[in-house]
Amino acid sequence: MAKKAKKTRKIIRKTTEAKHEVEKSMKPERVVGKKQIPAGVMIIAIMGFISCAIFLIGGIIFILGGIIFSINPITIEFPPEIPAQIASAMNQVLVPALFIMGLILVISTLIIFFISRGLWRLKNWARITVIILSVLMAVSAFFSIMGGELKSLLGLAINVIVAAYLIFSENVKNSFS
């Protein structure tokens, strides 16, 4: 009887160990120090890094466009009812506007990169920053919806979900503490 009980305990122990190994391999979490990054935080950070790439490409395109148009100016044909002085001023505004928009995108890229990296490294300041930005964007989307832009519903939903997840999830709070 003792041999059978010993054998059963051994089988149970091996089964439990195998189960834990399978569970560990299925968790999409990354370890930072002794803490694990929750899957949702990892997704938010990765989306931030993807946004960085898109913003950087856009910023470079705008800056290059400003440089190209300053070297080789284009003339825009305006309708005859627009006075020539206004048309000339609009052409002069185009190049600096492209360059400034490109710089804004590049600066935004740097900010988003550092916030995303902070999330990835489980820095609480990054979590708080994302919460504040998500709430501000949710409020903005809400007012857009009130103004008749129903396409802002998706933005509202995403920002509310992100803010609520980062505020109310105990796993997230424990990871960032």
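A few points on the structure. (Residues numbered from 1 in each chain as written. Predicted model: local features only at pLDDT ≥ 70, side-chain atom pairs only at ≥ 80, totals over all residues. Heavy atoms only, no water.)

1. Some thoughts on the packing of helix H2 (residues 39-71) against helix H5 (residues 153-168)
(1) Moving on: Direction vectors running N to C along H2 and H5 enclose 135°, while the axes themselves pass 11 Å from each other. Taken together, H2 and H5 sit at an angle that is classed as oblique. Helix-helix and strand crossings are classified by hand; for H2 and H5 the assignment is left-handed. Of H5, the residues touching H2 (which contributes Gly-40, Val-41 and Ile-44) are Val-162, Tyr-165 and Leu-166.
(2) Moving on: Taken together, the residues of the contact of H2 with H5 break down into five nonpolar, one polar and no charged. (Axes fitted to C-alpha atoms, helices over the stretch in contact; angles between N-to-C directions. Helix = DSSP H or I, 4+ residues; strand = E, 2+ residues; numbered from the N terminus. Parallel < 35°, antiparallel > 145°, perpendicular 65-115°, else oblique. Left-handed = near helix turned anticlockwise from the far one by under 90°. Contact = heavy atoms within 4.5 Å. Nonpolar A, V, L, I, M, F, W, Y, C, P; charged D, E, K, R; others polar.)

2. Focus on the environment of Gly-66
(1) Moving on: Looking at where Gly-66 falls in the secondary structure, it is placed in helix H2.
(2) Moving on: Residue classification places Gly-66 among the buried residues on the basis of a relative accessible area of 2%.
(3) Moving on: If sequence neighbours within four positions are ignored, Gly-66 has contacts with Val-95 and Leu-98. (Buried < 20%, exposed > 50% of the residue type's maximum accessible area, 1.4 Å probe, protein only.)

3. Re the layout of surface pockets
(1) Moving on: The calculated volume of the largest pocket comes to roughly 560 Å³.
(2) Moving on: Considering the residues around the largest pocket, the lining is formed by 19 residues, among which Ile-44, Val-130, Ser-134, Met-137 and Asn-159 are closest to the centre.
(3) Moving on: Of all the secondary-structure elements, those providing two or more residues to the lining of the largest pocket are H2, helix H3 (84-120), helix H4 (124-146) and H5.
(4) Moving on: Ranked by the residues each element gives to the lining of the largest pocket, the list is headed by H2, at six residues. (1 Å grid on protein atoms, 1.4 Å probe; cavity = no way out; pocket = protein on both sides within 12 Å on 5 of 7 lines; lining within 4 Å. Points joined across faces, edges and corners; volume = space filled by probe spheres on them.)

4. So, the packing of aromatic side chains
(1) Moving on: Here the structure, examined in full by the defined rule, presents four aromatic pairs.
(2) Moving on: Both rings, one in Phe-49 and one in Trp-120, keep their centres 6.5 Å apart while their planes meet at 65°; by these two values the pair is edge-to-face. Taken as a pair, Phe-49 in helix H2 and Trp-120 in helix H3 lie far apart in primary sequence, 71 residues in all.
(3) Moving on: Arranged with centres 5.5 Å apart and planes meeting at 75°, the rings of Phe-113 and Phe-114 form a pair that is edge-to-face.
(4) Moving on: Residue class for Phe-113 comes out partly exposed when judged on its relative accessible area of 34%. (Phe/Tyr/Trp six-rings, centres within 6.5 Å; stacked < 30°, edge-to-face > 60°.)

5. Quick look at H5
(1) Moving on: With 16 residues, H5 should reach 22 Å at 1.5 Å per residue; the first-to-last C-alpha distance of 22 Å fits that figure.
(2) Moving on: Along H5, the residues that are buried comprise Leu-156, Asn-159, Val-162, Ala-163 and Leu-166. Each buried residue of H5 sits inside an arc of 140° when the element is viewed along its axis, so together they form one side. Turned more than 90 degrees off the buried face of H5, the exposed positions are Leu-154, Ile-161 and Phe-168.
(3) Moving on: On the buried face of H5, the contacting elements are H2, H4 and helix H6 (170-176). (Expected span 1.5 Å × (residues − 1). Arc of directions from axis to C-beta.)

6. A word on unusual backbone geometry
(1) Moving on: The backbone of Leu-122 shows a phi angle near 60°, a positive value even though the residue is not glycine.
(2) Moving on: Structurally, Leu-122 is set in the loop between H3 and H4.
(3) Moving on: Exposure remark for Leu-122: the relative accessible area of 8% places this residue in the buried category.

7. Focus: the nonpolar core
Within soluble globular proteins, side chains that are nonpolar generally end up buried alongside one another.
(1) Moving on: Counting 15 residues, the largest nonpolar core has Val-41, Ile-44, Leu-119, Val-130, Leu-166 and Phe-176 as its most contacted members.
(2) Moving on: Only H2, H3, H4, H5 and H6 provide two or more residues apiece to this core.
(3) Moving on: Element by element, the count of residues in this core is highest for H2, at four residues.
(4) Moving on: The contact partners of Val-130, leaving out residues within four places of it in the chain, are Ile-44, Ile-115, Leu-119, Val-162 and Leu-166. (Core = buried A, V, L, I, M, F, W, Y, C linked by side-chain atoms within 4.5 Å.)

8. Structural notes on the pattern of salt bridges
(1) Moving on: Here the structure, examined in full by the defined rule, presents one salt bridge.
(2) Moving on: Glu-170 serves as the salt-bridge partner of Lys-173, at 3.5 Å between the closest nitrogen and oxygen. Of this pair, Lys-173 and Glu-170 both sit in helix H6, three residues apart, which is roughly one turn of that helix. (Salt bridge = Lys/Arg side-chain N within 4 Å of Asp/Glu carboxyl O.)

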